[in-house]
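# Descriptive structure summary
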Amino acid sequence: MDNEQPTILDLIIETHAGLERQGPGSPEMTTKALSFLDNLKTISRVADIACGTGGQTMVLAQNIAGNITGVDLCSDFITIFNDNAEKLNLRERVHGIVGSMENLSFQKEEFDLIWSEGAIDNIGFEKGITYWNGFLKKNGYIAVTCPSWFTDERPAEIEKFWGDAGCELDTIAQNISIMQKSGYIPVASFTLPEKCWTDNYFIPREAAEKTLLEKYTGNRTVEAYIESSNYEVELYSKYNQYYGYVFYIGKKK
């Protein structure tokens, strides 16, 4: 973007467009989550909601024989997503479309599997899995990552950070209970290791932000954006024993 006065949204998109992943995760954790699904050969229709540029989607496609539709609100991400599918010779089975996770254009009970990494907390865990349930076939699976509390009590500083970000985190036990109430049989849950945040997200993001600083030298909006980003990294280093991303896998009743 050549805009001299970029918005925060502009900066988020520009920072993340070149990253393999737009949030914490890894190919190993994606394939681990897949290992909890019965009979992958029967999964013919998959939706990856808020897919970003498709880092995890391409891993799914290399482990599932079915068709995958990626959905993301950012058209820049979808362009890169489809280019990546083309480069990996996956375009016959993998296609990205622009759309909102809150207003999907799919048919009811269309999918065998709904996937979403690092995004559901933008609308809320309960709201997301309840809404997406309608697009799953009976006995279909849902697999999502969501930041969660590891403890019932935590320092006020980190609780305020997530609250100010508009994310209402719950504990793992609470989310499993929500999953049950939302029409799923909980299948598995596991915590993403620290390197999913540091090596796979924070370090690449920091490099992209350094480029932003050089491009928009002296721009206070950019400086404030990166200060906020650095604060997130600082808090994770300080408090990661209290929270982290958790994979939740459920089966529709």
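This text gives an overview of the structure that appears in the document. (Residues numbered from 1 in each chain as written. Predicted model: local features only at pLDDT ≥ 70, side-chain atom pairs only at ≥ 80, totals over all residues. Heavy atoms only, no water.)

## Let's talk about the pattern of salt bridges
On inspection of all chains with the given rule, the structure shows 13 salt bridges. The residue Glu86 makes a salt bridge to Arg91 at a minimum N-O spacing of 3.8 Å. Taking relative accessible area as the criterion, Arg91 reaches 34% and is therefore assigned partly exposed. One salt-bridge network, held together by shared partners, links Arg205, Glu209 and Glu232. (Salt bridge = Lys/Arg side-chain N within 4 Å of Asp/Glu carboxyl O. Buried < 20%, exposed > 50% of the residue type's maximum accessible area, 1.4 Å probe, protein only.)

## Side note on the side chain of Ser182
Here Ser182 lies in the loop between α7 (172-181) and β6 (184-191). Judged by its relative accessible area of 11%, Ser182 falls in the buried class. With residues up to four places along the chain from it excluded, the contact list for Ser182 reads Glu126, Ile129, Thr130 and Asn133. (Helix = DSSP H or I, 4+ residues; strand = E, 2+ residues; numbered from the N terminus. Contact = heavy atoms within 4.5 Å.)

## Some thoughts on the packing of aromatic side chains
Scanning all chains against the criterion turns up 19 aromatic pairs. Relative to Phe135, the ring of Phe106 lies with its centre 6.5 Å away and its plane at 80 degrees, an arrangement referred to as edge-to-face. Residue Phe106 is found in the loop between β3 (94-98) and β4 (111-116), and its partner Phe135 is found in the loop between α5 (125-133) and β5 (136-149); the two are separated by 29 residues along the sequence. Note on Phe106: relative accessible area 14%, which makes it buried. (Phe/Tyr/Trp six-rings, centres within 6.5 Å; stacked < 30°, edge-to-face > 60°.)

## Some remarks on the pairing of β3
Two strands pair when backbone bridges link them, and strand β2 (residues 67-72) and β3 are joined in this way by five bridges, in the parallel orientation. Bridge pairing links Asp72 to Val98 in β3. For the handedness criterion, the β-α-β arrangement of β2, helix α4 (residues 75-87) and β3 is classed as right-handed. (Pairing = 2+ DSSP bridges. Right-handed = clockwise from strand over helix to strand, strands pointing away.)

In short, geometric facts, not functional conclusions.
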